[in-house]
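Fold and contact review
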Amino acid sequence: MPSSRPRLLPWPGLNGQPCFLVTDNTGTGYLSRLADEMEAVQLRTGADLLGHARPLLRDRKVDACELRFVGHRLAEALHDALRVVESRGRRLEDGEETATGES
């Protein structure tokens, strides 16, 4: 059964616009698995970055350039995490609608 809504992918399309995948809703296709792996990498990268950023932010000897750098990387990681949340939230909503419709 086709998904009721295209999946938001964890990478941008051309010119930075959202990129979507229409799937059969099994999640077993190549692009679905690739997107799952990319989401996992993005979330792990964000967690690792946070682990490096916390001590850096506590260090009073860190200069403004280093703080800007970590700030930019944290913003990128947050952007990626929010995209993952949006994508997974849409899929959860679709799953709830399907489950409700079958009852």
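Keep in mind it's a predicted model, so treat the numbers as computed, not measured.

A word on the overall build of the chain. If you tally the helices and strands in the chain, you get 2 helices and 2 strands. What you see in the chain, going N to C, is helices and strands ordered as β-β-α-α. Counting only residues that meet the buried cut, the chain has 20% of its 103 residues in that class. Sequence-distant contacts in the chain: of pairs separated by 6 or more residues, those separated by 24 or more amount to 55%. As presented, the chain carries roughly 7500 Å² of accessible surface, and 60% of it is formed by carbon and sulfur atoms.

On the surface, a cluster of nonpolar side chains totalling about 290 Å² of accessible area is made up of Y30, L31 and L34. Residue position: Y30 is located in helix 1 (residues 30-58).

Summing up the model confidence of the chain, the mean pLDDT is 87 and the portion of residues at 70 or higher is 86%. Mean pLDDT values for the elements of the chain range from 85 in helix 2 (residues 64-102) up to 95 in helix 1.

Going through the model one piece at a time under the given rule, you end up with 8 salt bridges. Here E93 ties to R5 by a salt bridge, and the two come within 3.2 Å at their closest N and O atoms. Placement of E93 in helix 2 and of R5 in the segment before strand 1 (7-8) is noted, with a sequence separation of 88 residues between them. Of the residues examined, E93 reaches a relative accessible area of 40% and is grouped as partly exposed. The salt bridge partner of R7 is E39, with a shortest N-O separation of 3.4 Å. Of this pair, R7 sits in strand 1 while E39 sits in helix 1, placing them 32 residues apart in sequence. Judged on exposure class, the residue R7 and its partner E39 are both buried. Because the salt bridges share partners, they merge into one network encompassing R7, D36, E39, R88 and R91.

Cut-offs and rules
The written sequence of each chain sets the order in which its residues are numbered from 1. Local features in a predicted model are, by the rule used here, given only for residues with pLDDT of at least 70; side-chain atom pairs are given and counted only at 80 or more, and totals for whole chains, interfaces and linings are based on all residues. Calculation of side-chain values draws on the structure's entire complement of heavy atoms; hydrogens and water are dropped beforehand. Strands are runs of DSSP state E lasting at least two residues, helices are runs of H or I lasting at least four, and both sets are numbered from the N terminus onward. Burial classification: accessible surface area is computed with a 1.4 Å probe over protein chains only, and a residue below 20% of its type maximum counts as buried, one above 50% as exposed, and the rest as partly exposed. In this description, contact between two residues means that some pair of their heavy atoms is separated by no more than 4.5 Å. In this description, accessible areas are obtained by the Shrake-Rupley approach with a 1.4 Å probe, and a residue is regarded as covered only by the protein chains that are shown. Excluding any residue in a salt bridge, patches collect residues exceeding 30% relative accessible area, merging like charges within 9 Å and nonpolar Val, Leu, Ile, Met, Phe, Trp and Tyr side chains within 5 Å. Salt bridges, as used here, are contacts in which a Lys or Arg side-chain nitrogen is within 4 Å of a carboxyl oxygen on Asp or Glu. In predicted models, pLDDT denotes the confidence assigned by the predictor to each residue on a 0 to 100 scale.

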